[in-house]
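As a plain string of letters, each chain reads:
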Amino acid sequence: MTVYDLVLDMRKTRCGSVVRMRQGDVGAIAVRAAVTDGGARFPLAGRRARFEAVKPDGTWIRDEADVTGPSTIEYALPPQAASCEGVIEHAYFRVIEADGSQVGSTAAFAIEVLPSIEGAGAGESASYSPELDELMDEMRRLIVDGGAKDYSALVGKPTVNGRTLEGDMQLADLGITKGTNKGIEAMFANGKAR
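Residues numbered from 1 in each chain as written. Predicted model: local features only at pLDDT ≥ 70, side-chain atom pairs only at ≥ 80, totals over all residues. Heavy atoms only, no water.

### Observations concerning the overall build of the protein chain
Of the regular secondary structure elements, the protein chain holds 2 helices and 12 strands. Beginning at the N terminus, the succession of helices and strands in the protein chain can be written as β-β-β-β-β-β-β-β-β-β-α-β-β-α. Residues classed as buried in the protein chain amount to 30% of the 194 residues present. For the protein chain, restricting intrachain contacts to residue pairs at least 6 apart in sequence, the fraction spanning at least 24 positions comes to 68%. A total of about 12300 Å² of accessible surface is found on the protein chain, and carbon and sulfur atoms cover 51% of it. (Helix = DSSP H or I, 4+ residues; strand = E, 2+ residues; numbered from the N terminus. Buried < 20%, exposed > 50% of the residue type's maximum accessible area, 1.4 Å probe, protein only. Contact = heavy atoms within 4.5 Å. Areas by Shrake-Rupley, 256 points an atom, 1.4 Å probe, with all protein chains shown as cover.)

What follows is the structure, given as structure tokens:
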């Protein structure tokens, strides 16, 4: 694995380094970033970091990175980073407090994804967020555990007073009648609804 050592400043001082990888690379490139604030070490103790980038085709990557030292972040680029040929111009790390509040982000660096003869084997470019994927998997598990066979069984069938709205039902079928403004105002007279 090739490791690129970068210095990334929280004040967004331009980073001149370019990380290079080839389309279809898997587990080949990692970034080790020394995080600074105006040149001084930026304290990362008790904080988390997340890698964020927008790929040339508009899809994105958002993934947890490892805080490995008092001012160091390390991240192995996932296969999705190499799925789209071109230059990722704005890759950076977001620093997050333990409570989830955002501290800020580092200067951006570029990732050049070089073409490959086997580029077609890189798979389809898509947005990549393991955290979001985990939430979707959890939702699917909850649906299955709840007895629903698929998500469509839970949507598209609203109920009112325990009666499912289906077909060409009218509001009158549910006991809802047309009202007037005067009637509605009377219902809420003196701040009390009937």
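Having put the structure on the table, let's press on.
### Here's the deal with the nonpolar core
Membership of the largest hydrophobic core comes to 29 residues, with the highest contact counts inside it found for Val-19, Met-21, Phe-51, Leu-77, Phe-93, Phe-109 and Ile-111. Mapped by element, the contributors of at least two residues to this core are β1 (2–9), β2 (18–22), β3 (29–37), β5 (47–54), β6 (60–69), β7 (72–76), β8 (86–97) and β10 (109–114). In this structure Val-19 touches Tyr-4, Leu-6, Ile-29, Val-31, Leu-77, Phe-109, Ala-110, Ile-111 and Glu-112, once residues within four positions along its chain are discounted. (Core = buried A, V, L, I, M, F, W, Y, C linked by side-chain atoms within 4.5 Å.)

### Points about the side chain of Thr-59
Relative to the helices and strands, Thr-59 resides in the loop between β5 and β6. By relative accessible area, Thr-59 is classed as buried at 16%. There is a polar contact of 3.2 Å between the side chain of Thr-59 and the side chain of Ser-125. Not counting residues up to four positions away in its chain, the partners in contact with Thr-59 are Ala-53, Val-54, Ser-125, Ala-126 and Ser-127. (Polar contact = N/O pair within 3.5 Å; in protein donor to acceptor, adjacent residues only side chain to side chain.)

### A word on a nonpolar patch on the surface
A surface patch of nonpolar side chains, amounting to about 510 Å² of accessible area, comprises Val-54, Trp-60, Leu-132, Leu-135, Met-136 and Met-139. Looking at the nonpolar patch element by element, the count peaks at 4 residues for helix α1 (residues 130–145). Along the polypeptide, Leu-132 turns up in helix α1. (Patch = residues over 30% accessible without salt bridge, like charges linked within 9 Å, V, L, I, M, F, W, Y side chains within 5 Å. Salt bridge = Lys/Arg side-chain N within 4 Å of Asp/Glu carboxyl O.)

### Description of unusual backbone geometry
When glycine is set aside, most residues are seen to have a negative phi, and most peptide bonds are trans. Residues other than glycine seldom take positive phi values, yet Lys-12 does so here, at roughly 70°. One can find Lys-12 in the loop between β1 and β2. The class for Lys-12 is partly exposed, based on a relative accessible area of 45%.

### So, the packing of aromatic side chains
Overall, the coordinates contain 4 aromatic pairs when judged by the stated rule. Aromatic side chains Phe-51 and Phe-109 sit 6.4 Å apart centroid to centroid with 45° between the ring planes, which places their arrangement in the tilted category. Taken as a pair, Phe-51 in strand β5 and Phe-109 in strand β10 lie far apart in primary sequence, 58 residues in all. Of the two residues examined, Phe-51 and Phe-109, each falls in the buried class. Through pairs of rings, three or more aromatic residues link up here, namely Phe-51, Tyr-75, Phe-93 and Phe-109. (Phe/Tyr/Trp six-rings, centres within 6.5 Å; stacked < 30°, edge-to-face > 60°.)

### Examining the pattern of salt bridges
For the structure on display, the rule yields 9 salt bridges. We note a salt bridge from Arg-11 to Asp-37, for which the minimum N-O separation is 2.8 Å. Within this pair, whereas Arg-11 is found in the loop between β1 and β2, its partner Asp-37 is found in strand β3, the two being separated by 26 residues in sequence. A network of salt bridges, in which partner residues are shared, links Arg-50, Glu-52, Arg-62 and Arg-94.

### Section: the environment of Val-19
Among the structural elements, Val-19 can be located in strand β2. The exposure class assigned to Val-19 is buried, which follows from its relative accessible area of 0%. Spatially, the C-alpha atoms of Val-19 and Val-87 are 9.7 Å apart, while their sequence positions differ by 68 residues.

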